[in-house]
Amino acid sequence: NNVVPSRMVIDVGIWSYDEIMLARTIERIRVRAMQAAEQTKVGLAFDMYEPMYLPFEPNEALVAHFERNLKLLNVSFEPRQGRLNDSIDTGNVSHMMPTLHADIIVDDSRTHTPEHTAACAGPAGERYLHASAAALALTAFDLLRDPEDVARAKREFDQRNRPKELRPGRLP
């Protein structure tokens, strides 16, 4: 006996380094799902309820200040160059305004592992949390002290990005 449910939900998350490829892939999935629904004579609702995660675009002018302050505070970090190819919602923010993201090194473990979680929850994590907050505060102080640095960050952003509308299910 095959029992066909009266309702089925498929929840899929898709991410790509390339916004155009992502849009094309989503459209192909939507078209194929509609074709399958027509062939099997079932209803279909295609709902994109979350905004797209865009690749993170760091503002090098801000990053330079932050990294200098991390060094001043003797905090280990991994310098970032260019796009951050991770799926983070901060990527969307970086398309709207100058943004930075730092990879603070808490220990030798890989991120997203139980070992790294334990290290971040312990004394080392607390030390780096305080040091990172201090580095962010010093970066804000640097920017408040020198309006030209703010203007430099804005120019860099304006040359690279145009603000994008980030509504659910819609790529810029």
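Residues numbered from 1 in each chain as written. Predicted model: local features only at pLDDT ≥ 70, side-chain atom pairs only at ≥ 80, totals over all residues. Heavy atoms only, no water.

## Description of the pattern of salt bridges
(1) Moving on: As enumerated under the stated definition, the model contains seven salt bridges in all.
(2) Moving on: Taking the shortest distance from any N to any O, the salt bridge between Arg-68 and Asp-142 comes out at 2.8 Å. Here Asp-142 lies in helix H5 (residues 123-145) and Arg-68 lies in helix H2 (residues 60-72), a separation of 74 residues in the sequence.
(3) Moving on: Look at Arg-68 and you get partly exposed, because its relative accessible area is 42%.
(4) Moving on: Each of the salt bridges in this network shares a partner with another, and the network as a whole consists of Glu-57, Glu-156 and Arg-160. (Salt bridge = Lys/Arg side-chain N within 4 Å of Asp/Glu carboxyl O. Helix = DSSP H or I, 4+ residues; strand = E, 2+ residues; numbered from the N terminus. Buried < 20%, exposed > 50% of the residue type's maximum accessible area, 1.4 Å probe, protein only.)

## So, the confidence of the model for the chain
(1) Moving on: Per-residue pLDDT for the chain has a mean of 82; in total, 86% of the residues score no lower than 70.
(2) Moving on: Within the model, the stretch residues 168-172 combines pLDDT values under 50 with 19 contacts to residues more than four positions away or in other chains. (pLDDT = per-residue confidence, 0-100. Contact = heavy atoms within 4.5 Å.)

## Some remarks on the nonpolar core
(1) Moving on: Residues Phe-66, Leu-70, Val-75, Phe-77, Val-106, Ala-119, Ala-124, Tyr-128, Ala-131 and Ala-135 constitute the largest nonpolar core, which totals ten residues.
(2) Moving on: Counting residues per element, the ones that place at least two in this core are H2 and H5.
(3) Moving on: A total of four residues in this core trace back to one element, the largest contributor, which is H5.
(4) Moving on: Dropping the residues within four chain positions of it, Val-106 is found in contact with His-116, Ala-119, Cys-120, Ala-124, Gly-125 and Tyr-128. (Core = buried A, V, L, I, M, F, W, Y, C linked by side-chain atoms within 4.5 Å.)

## Some points on H5
(1) Moving on: The terminal C-alpha atoms of H5 lie 33 Å apart, and with 23 residues this matches the ideal 33 Å at 1.5 Å per residue to within 8%.
(2) Moving on: Residues of H5 that are buried include every one of Ala-124, Gly-125, Tyr-128, Ala-131, Ser-132, Ala-135, Thr-139, Asp-142 and Leu-143, and no others.
(3) Moving on: Buried residues in H5 make contact with H2, strand E2 (103-104), helix H4 (114-121) and helix H6 (147-160). (Expected span 1.5 Å × (residues − 1).)

## Looking at the side chain of His-116
(1) Moving on: Tracing the chain through its elements places His-116 in helix H4.
(2) Moving on: Sequence-distant contacts of His-116, that is, excluding residues within four places in its chain, are made with Val-106, Asp-107, Ser-109, Arg-110 and Thr-111.

## What about the packing of H2 against H5?
(1) Moving on: Contact geometry for H2 and H5: axes closest at 9 Å, N-to-C directions at 130°. One element, H2, and the other, H5, form an angle in the oblique class. The handedness of the crossing between H2 and H5 is right-handed. Taken together, the residues of H5 that come into contact with H2 (itself represented by Leu-62, His-65, Phe-66, Arg-68, Asn-69, Leu-70 and Leu-72) are Ser-132, Ala-135, Leu-136, Leu-138, Thr-139, Asp-142 and Leu-143.
(2) Moving on: Looking at the contact of H2 with H5 residue by residue, the classes come out as eight nonpolar, four polar and two charged. (Axes fitted to C-alpha atoms, helices over the stretch in contact; angles between N-to-C directions. Parallel < 35°, antiparallel > 145°, perpendicular 65-115°, else oblique. Left-handed = near helix turned anticlockwise from the far one by under 90°. Nonpolar A, V, L, I, M, F, W, Y, C, P; charged D, E, K, R; others polar.)

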